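Inside the fold
Chain by chain, the residues:
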Amino acid sequence: MSAQKKDRPSFLGIIDAARASEPVLQNTSIAEVQNASITESHNYSNAELQDTGKPEMANLTIKVSKARRKHWGVEAKKDNTSLTQVIIEALIAKYGDAD
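Residues numbered from 1 in each chain as written. Predicted model: local features only at pLDDT ≥ 70, side-chain atom pairs only at ≥ 80, totals over all residues. Heavy atoms only, no water.

Topic: the overall build of the chain
For the chain, the helix and strand inventory stands at five helices and zero strands. When the helices and strands of the chain are read in sequence order from the N terminus, they spell out α-α-α-α-α. Buried positions account for 1% of the 99 residues belonging to the chain. (Helix = DSSP H or I, 4+ residues; strand = E, 2+ residues; numbered from the N terminus. Buried < 20%, exposed > 50% of the residue type's maximum accessible area, 1.4 Å probe, protein only.)

Now the structure itself:
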């Protein structure tokens, strides 16, 4: 069994190999690396805040019996629509649309 353990790479060997394949930053101070990462994260945050014209989507989950879900799914397919669209229409009819 000890021969099998010697044949397997150790975690430290794998980590050392991964570190060796990373590019080495020469003549770069820690402050420069930190500033670069802050700038990158700041740019990412600004991209998220840009208005794309589409509303942000969220999940809405309800619990129903499997039989009802199957029946409603079949009926929606017959009407060439989706359960999502039917539910949205029903909620807008009942409570109105958010403006």
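Next comes the rest of the write-up.
Quick look at the confidence of the model for the chain
In the predicted model, the chain carries a mean pLDDT of 78, and 61% of its residues have values of at least 70. Across the chain, helix H4 (residues 66-78) holds the top mean pLDDT of 95, while helix H1 (residues 2-7) sits lowest at 57. (pLDDT = per-residue confidence, 0-100.)

Re helix H5 (residues 83-95)
Compared with the 18 Å implied by 1.5 Å per residue over 13 residues, the 18 Å span of H5 between its first and last C-alpha is a close match. Of the residues one or two after H5, Gly96 is the one with positive phi, at around 85°. (Expected span 1.5 Å × (residues − 1).)

Details of a nonpolar patch on the surface
On the surface, a nonpolar cluster with roughly 790 Å² of combined accessible area is contributed by Leu60, Ile62, Val64, Trp72, Leu83, Ile87, Leu91 and Tyr95. Mapped onto the fold, Leu83 is located in helix H5. Judged by relative accessible area, which is 30%, Leu83 ranks as partly exposed. (Patch = residues over 30% accessible without salt bridge, like charges linked within 9 Å, V, L, I, M, F, W, Y side chains within 5 Å. Areas by Shrake-Rupley, 256 points an atom, 1.4 Å probe, with all protein chains shown as cover. Salt bridge = Lys/Arg side-chain N within 4 Å of Asp/Glu carboxyl O.)

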